[in-house]
Amino acid sequence: MLRGRQRYAKKIQQNSSDSVSDLVSEQFPQVSDISVRIIYHGNGANSVLMVRTVNFFSSSSASFHMHCIRKECTNGGFDLAPKIKDLIGKHKKTAKGKMECGGGVSSASCRAPISYEIAVLYRKCS
Ligand SMILES: [Zn+2]
């Protein structure tokens, strides 16, 4: 009788440094770096809780998920990947916009507001 394929009882779940996510250079070979500025707002349009600037280089992992400022927020954060893809797809240099957190705090939705500014620097030799 033939033996079936052995099933793996345990899935290997390790936080490997060899992440499966692509590098910026693989996803966007024409890009040299991407600068993202996030302004976390409080209640009220002029309220600023924190400003954060994150730079992505061609050797960085192409993961553009920004955390929510609220520690108690679950499944929150801001995924800027679609905005960045759109921007690079149109070969534009900068984009600005606003987003609200889609996560939840207790049983309510978080909706923490941010403003973002994305600046893409393209390689010259293309
Ligand atoms: Zn949140």
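As shown above, the structure is provided for reference.
A quick note: this is a predicted structure, and the numbers were derived from the prediction, not measured.

Rules of the game
- Residues numbered from 1 in each chain as written.
- Predicted model: local features only at pLDDT ≥ 70, side-chain atom pairs only at ≥ 80, totals over all residues.
- Helix = DSSP H or I, 4+ residues; strand = E, 2+ residues; numbered from the N terminus.
- Buried ≥ 20, exposed ≤ 12 C-beta atoms within 10 Å, placed from the backbone.
- Contact = placed C-beta atoms within 7 Å.
- Core = buried A, V, L, I, M, F, W, Y, C linked by C-beta atoms within 7 Å.
- Pairing = 2+ DSSP bridges.

Trainee: Would you mind showing me how to read the overall build of the protein here?
Mentor: Summing up its helical and strand segments, the protein has two helices and eight strands in all. When the elements of the protein are put in sequence order from the N terminus, they spell out α-β-β-β-β-α-β-β-β-β. Relative to its 126 residues, the protein shows a buried fraction of 19%. Taking contacts inside the protein between residues at least 6 apart in sequence as the whole, the part at least 24 apart equals 61%.

Trainee: Just to check I follow, could you spell out the nonpolar core for this structure?
Mentor: It is characteristic of soluble globular proteins that their nonpolar side chains tend to be buried jointly. Core analysis: the biggest nonpolar cluster contains 23 residues, and Ile-34, Ala-112 and Ile-118 have the highest contact counts within it. Listed by contribution, the elements that provide at least two residues to this core are strand 1 (31-41), helix 2 (81-89) and strand 8 (113-122). Element by element, the count of residues in this core is highest for strand 1, at five residues. Not counting residues up to four positions away in its chain, the partners in contact with Ala-112 are Cys-68, Ile-69, Arg-70, Cys-73, Glu-100 and Cys-101.

Trainee: Sorry, what's going on with the pairing of strand 2 (residues 48-57) here?
Mentor: When a strand is regular, its side chains alternate between the sheet's two faces. With one of its 10 residues buried, strand 2 lies for the most part at the surface. Where strand 1 lies against strand 2, nine bridges are found, and the strand directions are antiparallel. Opposite Arg-37, over in strand 2, you have Thr-53 as the bridge partner.

Everything listed here is a matter of geometry and, on its own, says nothing about what the molecule does.
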